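Chain residues, written in single-letter form:
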Amino acid sequence: DAVAGIVARAGVHAEIVTIPAGESSKSLTQANELFTRAIEMGLDRKSPIIALGGGVTGDLAGLAASLYLRGVPCIQVPTSLLAMVDSSVGGKTAVDLPEGKNLVGTFTQPYLVLCDITTLDTLPKEVFEEGMAEVIKYGMIRSKELLELLLTDDAERKRERVIARCVRLKRDVVAEDEQDFGERQILNFGHTLGHAIEREMNYKLFHGDCVAIGMAIMTRALVRDGRCPESCEKILEKLLKKYKLPNSTELPSERILAAARADKKRRGDSITLIEPKTLGNCVLVKTDFAELARLLELGR
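Residues numbered from 1 in each chain as written. Predicted model: local features only at pLDDT ≥ 70, side-chain atom pairs only at ≥ 80, totals over all residues. Heavy atoms only, no water.

Undergrad: Hey, could you go over the nonpolar core for me, with residue numbers and the actual values?
TA: Residues Met 132, Val 135, Ile 136, Leu 150 and Leu 292 are the most contacted members of the largest nonpolar core, which totals 63 residues. A total of 11 residues in this core trace back to one element, the largest contributor, which is helix H9 (residues 207-224). Not counting residues within four places of it along the chain, the set of residues in contact with Met 132 comprises Leu 81, Leu 150, Ala 155, Tyr 243 and Leu 245. With eight residues, the next largest nonpolar core counts Ala 38, Ala 65, Val 72 and Cys 74 among its residues. (Core = buried A, V, L, I, M, F, W, Y, C linked by side-chain atoms within 4.5 Å. Buried < 20%, exposed > 50% of the residue type's maximum accessible area, 1.4 Å probe, protein only. Helix = DSSP H or I, 4+ residues; strand = E, 2+ residues; numbered from the N terminus. Contact = heavy atoms within 4.5 Å.)

Here is the structure:
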């Protein structure tokens, strides 16, 4: 209502469309309902769609905006930490299929992203903590300084600084590789296993919790394999504990691997894994599924 009021005071008529909370709304069925509503409202090529909410809302509305009339402007107004630092930035839009997460989508940059950090005060603490998984990810892949800040200070108290730092990091990565063919894949640290766990748990776990588990398993495996310094595991585990994020799962390995094979990042019989080499520095490594299975067992 507050956003609709702001739009109305600017002399623009807006309609509010709500969707059910949760990952189940990231579906072709829900997208089709948005298209139908857009037609009923008479939206034209210059009519923007404002995505007000968390990652699910942003992904769904972004996809609908990119496809309706071959593309209308999308304004992202993320209200959760995860959406502010990650999903609203970079132009990825998608919905899920029964076979896997984010399998239907586009690369379409938003017209504007507006982060009002006061919206974080309206959310349960566990939703903020979930978003910290993506914040920690940015530190692991690109910023030792961010890791040090997260260790020595309270991220919630320094949230404006933390959010701005993460957005800059993602902007720089996306500018190098918008279409996700190379360097942008570095942003997937923890996501190959994380998405598989998320799917196998029927999305009952937060996305951030699953990413945290994926990062922890992969880092432990690489340390035990002698390919990563112990400091990476030590700092990661310390941060996950500080921000109340999980580091393991009881799901059977075969179920995780089967779900990973449906990952959109798969190329034939291989997948690109993101391996930490030092704090704040990760590299891309092409890996077959036999090696992924070995690493999964090693990191559990």
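Undergrad: How would you explain the packing of helix H8 (residues 191-200) against helix H11 (residues 253-260) if you had to name every residue and give the values?
TA: Packing of H8 against H11 leaves a shortest axis separation of 8 Å and a crossing angle of 110°. Taken together, the axes of H8 and H11 lie roughly perpendicular to each other. Listed contacts from H11 to Thr 192, Leu 193, Ala 196, Ile 197, Arg 199 and Glu 200 of H8 are Arg 255, Ile 256, Ala 259 and Ala 260. Residue classes in the contact of H8 with H11 are distributed as six nonpolar, one polar and three charged. (Axes fitted to C-alpha atoms, helices over the stretch in contact; angles between N-to-C directions. Parallel < 35°, antiparallel > 145°, perpendicular 65-115°, else oblique. Nonpolar A, V, L, I, M, F, W, Y, C, P; charged D, E, K, R; others polar.)

Undergrad: Please provide a residue-by-residue account of H11, values included.
TA: When we look at burial in H11, the residues that qualify are Ser 253, Ile 256, Leu 257, Ala 259 and Ala 260. On an axial view of H11, the arc spanned by its buried residues comes to 165°, and they lie on one face. Packing partners of the buried residues in H11 comprise H8, strand S6 (270-278) and helix H12 (289-298). (Arc of directions from axis to C-beta.)

Undergrad: Would you mind going over the pairing of strand S1 (residues 49-53) in detail, with residue names and values included?
TA: With burial as the criterion, only one face of S1 is covered, namely that bearing Ile 49, Ala 51 and Gly 53; the residues Ile 50 and Leu 52 on the opposite face remain uncovered. A crossover connection joins S1 to the parallel strand S2 (residues 74-78) through helix H3 (residues 55-67); in handedness this β-α-β unit is right-handed. (Right-handed = clockwise from strand over helix to strand, strands pointing away.)

Undergrad: Outline the environment of Lys 244, listing residues and values.
TA: On the secondary structure map, Lys 244 appears in the loop between helix H10 (230-242) and H11. Lys 244 sits 112 residues away from Met 132 along the chain, and the two C-alpha atoms are 9.2 Å apart.

Undergrad: Help me get a handle on the layout of surface pockets, residues and values and all.
TA: Estimated volume of the second largest pocket: approximately 180 Å³. Around the second largest pocket, the lining residues are Glu 23, Ser 24, Lys 26, Ser 27, Leu 28, Asp 96, Leu 97, Pro 98, Arg 199 and Tyr 203. Grouping the constituent residues of the lining of the second largest pocket by class yields four nonpolar, two polar and four charged. (1 Å grid on protein atoms, 1.4 Å probe; cavity = no way out; pocket = protein on both sides within 12 Å on 5 of 7 lines; lining within 4 Å. Points joined across faces, edges and corners; volume = space filled by probe spheres on them.)

Undergrad: An account of the sheet that holds strand S5 (residues 112-113) is needed here, citing residue identities and associated values.
TA: Reading across the sheet, the three strands line up as S1-S2-S5 and stay open at both edges, with parallel pairing between neighbours. Looking at strand neighbours, the two that pair on one side only are S1 and S5, the edges of this open sheet. In terms of strand pairing, S2 meets S5 through two bridges, oriented parallel. Residue pairing for S5: Gln 76 is matched across the bridge by Val 113. Along the sheet, H3 contacts S1 and S2; its crossing angle with S1, the most-contacted strand, is approximately 170°. (Pairing = 2+ DSSP bridges.)

Undergrad: Any chance you could break down the packing of helix H2 (residues 28-41) against H3 for me, citing the residues and the numbers?
TA: Orientation of H2 relative to H3, taken along the N-to-C sense of each, is 55°, at an axis distance of 10 Å. On the basis of the axis angle, H2 is oblique to H3. Remark: the crossing between H2 and H3 carries right-handed chirality. Along its contact with H2, which presents Gln 30, Ala 31, Leu 34 and Phe 35, the element H3 presents Leu 60, Ala 64 and Leu 67. Counted by class, the contact of H2 with H3 contains six nonpolar, one polar and no charged residues. (Left-handed = near helix turned anticlockwise from the far one by under 90°.)

These results come straight from atomic positions and should not be treated as a statement about function.
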